[in-house]
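The residues making up each chain are set out below.
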Amino acid sequence: MVTDSTPRRASDADLRALSHPLSWRILRLCLDSACTNQQLARRLGVSPATVLRRVRALADAGFLAAEPPRQGDHGAWERPYRATGRTWRLDLGHAGEPVLTAQVELATVDAHRAELLSGGPGAVRRTGRGVLRLSERSEAELNERLDALIDEFLARSEPGGRRLSYLWSLIEQPGAAD
């Protein structure tokens, strides 16, 4: 998978494809290895028809790429899909439909929550939550430095390393009292 570090503005089609937590979970599972619809359905515990609908939406939007068909365990032909990395640096903040943007943001949180719950005891490596008071300039610096740090660790891609999911969310609290 190749990720592009250039920010790209999300289209309404991108938002529709990513507006369900299942989309994010599918992308996560297809990140390291290509998965078929049946494999995804089994791992996610949902019906193949439900997965197929999300897979088609993600493929149509370019977030999943179909690999060549292969024969499965029982001789049937199946098509595996792999995540393309197009979600990395996807700018949701300037998309055309604010309701869809909010749905995508909530879908990422819901997908992360599902991973947290499915990991079992001891799966959480670290969690932090806090409040910062920053000027626009300092906020921009924080985002740039975090992006650079994540890029650095993404470039390492240690094949034998643990698969760790992370969620970074910075939310303005309008009208918050001092």
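The structure we're discussing is the one just above.
Let me begin by describing the structure that accompanies this report. For clarity, every value in this text was computed on a predicted model and none was experimentally measured.

Brief notes about the packing of helix 2 (residues 21-32) against helix 5 (residues 98-118)
- At a minimum axis separation of 7 Å, helix 2 and helix 5 run at an interaxial angle of 60°. The orientation of helix 2 relative to helix 5 falls into the category oblique. Considering only the axes of helix 2 and helix 5, their crossing is right-handed. For the pair formed by helix 2 and helix 5, the contact residues are Pro21, Trp24, Arg25 and Arg28 on the first element and Val104, Ala107, Thr108, Asp110, Ala111, Ala114, Glu115 and Ser118 on the second.
- Classifying every residue of the contact of helix 2 with helix 5 gives six nonpolar, two polar and four charged.

Here we look at the pairing of strand 6 (residues 80-83)
- Inspection of the sheet shows strand 2 (residues 35-36) paired to strand 6 by two bridges, in the antiparallel sense. Note on strand 6: the bridge partner recorded for Cys35 is Tyr81.
- By the bridge criterion, three bridges tie strand 3 (residues 64-66) to strand 6 in an arrangement that is antiparallel. Its bridge partner being in strand 6, Ala65 is matched across the sheet by Arg82.

Thoughts on the side chain of Asn37
- Mapped onto the elements, Asn37 comes out in helix 3 (residues 37-44).
- Residues in contact with Asn37, not counting those within four places in the same chain, are Pro48, Val51, Leu52, Val55 and Arg79.

So, the sheet that holds strand 2
- Across the sheet, three strands lie side by side as 2-6-3; this open sheet has antiparallel pairing. The sheet is open, and its two borders are formed by strand 2 and strand 3, each paired with just one other strand.

A short note on the packing of aromatic side chains
- For the coordinates displayed, the defined rule picks out zero aromatic pairs.
- The ring of Phe63 carries the charged tip of Arg86 above its face, separated from the ring centre by 5.1 Å.
- Cation over ring: Arg156 sits above Phe153, and NZ or CZ is 4.2 Å from the ring centre.

Remarks on helix 5
- For helix 5, which comprises 21 residues, the first-to-last C-alpha distance of 30 Å matches the rise-based estimate of 30 Å (1.5 Å per residue) to within 8%.
- Taken residue by residue, helix 5 has Leu100, Thr101, Val104, Ala107, Thr108, Ala111 and Ala114 as its buried positions. Viewed along the axis of helix 5, the buried residues span an arc of 140°, placing them on a single side of the element. Facing away from the buried surface of helix 5 by more than 90 degrees, the exposed residues are Pro98, Val99, Leu106, Arg113 and Leu117.
- Buried-residue contacts for helix 5 involve helix 1 (12-18) and helix 2.

Reading the values: the criteria
- Every chain is numbered independently, its residues counted from 1 as its sequence is written.
- Where totals are concerned, whole chains, interfaces and linings use all residues; where local detail is concerned, this predicted model gives features only for residues with pLDDT of at least 70, and gives and counts side-chain atom pairs only at 80 or more.
- Side-chain numbers here rest on the full set of heavy atoms in the structure, without hydrogens or water.
- Axis angles are defined between N-to-C directions and span 0 to 180 degrees, where every axis is a line fitted to C-alpha atoms and, for a helix, only to the segment in contact.
- Here a strand is any run of E in DSSP of at least two residues, a helix any run of H or I of at least four, and the numbering for each starts at the N terminus.
- For classification purposes, an angle smaller than 35 degrees is called roughly parallel, one larger than 145 roughly antiparallel, one from 65 to 115 roughly perpendicular, and anything else oblique.
- The handedness criterion is simple: a crossing whose near helix is rotated anticlockwise from the far helix by less than a right angle is left-handed, and one whose near helix is rotated clockwise is right-handed.
- For this analysis, residues touch if any pair of their heavy atoms sits within 4.5 Å.
- Think of it as three bins: nonpolar holds Ala, Val, Leu, Ile, Met, Phe, Trp, Tyr, Cys and Pro, charged holds Asp, Glu, Lys and Arg, and polar takes everything else, Gly as well.
- Each pair of strands is called paired provided DSSP finds at least two bridges between the two strands.
- Between 30 and 60 degrees the pair is tilted, below 30 it is stacked and above 60 it is edge-to-face, where a pair is any two Phe, Tyr or Trp rings, Trp via its six-membered ring, whose centres lie within 6.5 Å.
- Either the NZ atom of lysine or the CZ atom of arginine qualifies as a charge over a ring when it sits within 6 Å of the ring centre and within 35 degrees of the ring normal.
- To estimate the expected span of a helix, count its residues, drop one, and scale the result by 1.5 Å.
- Three exposure classes are used, based on accessible area relative to the maximum for each residue type with a 1.4 Å probe and protein chains only: buried under 20%, partly exposed in between, and exposed over 50%.
- Along the arc lie the directions from the helix axis toward the C-beta atoms.

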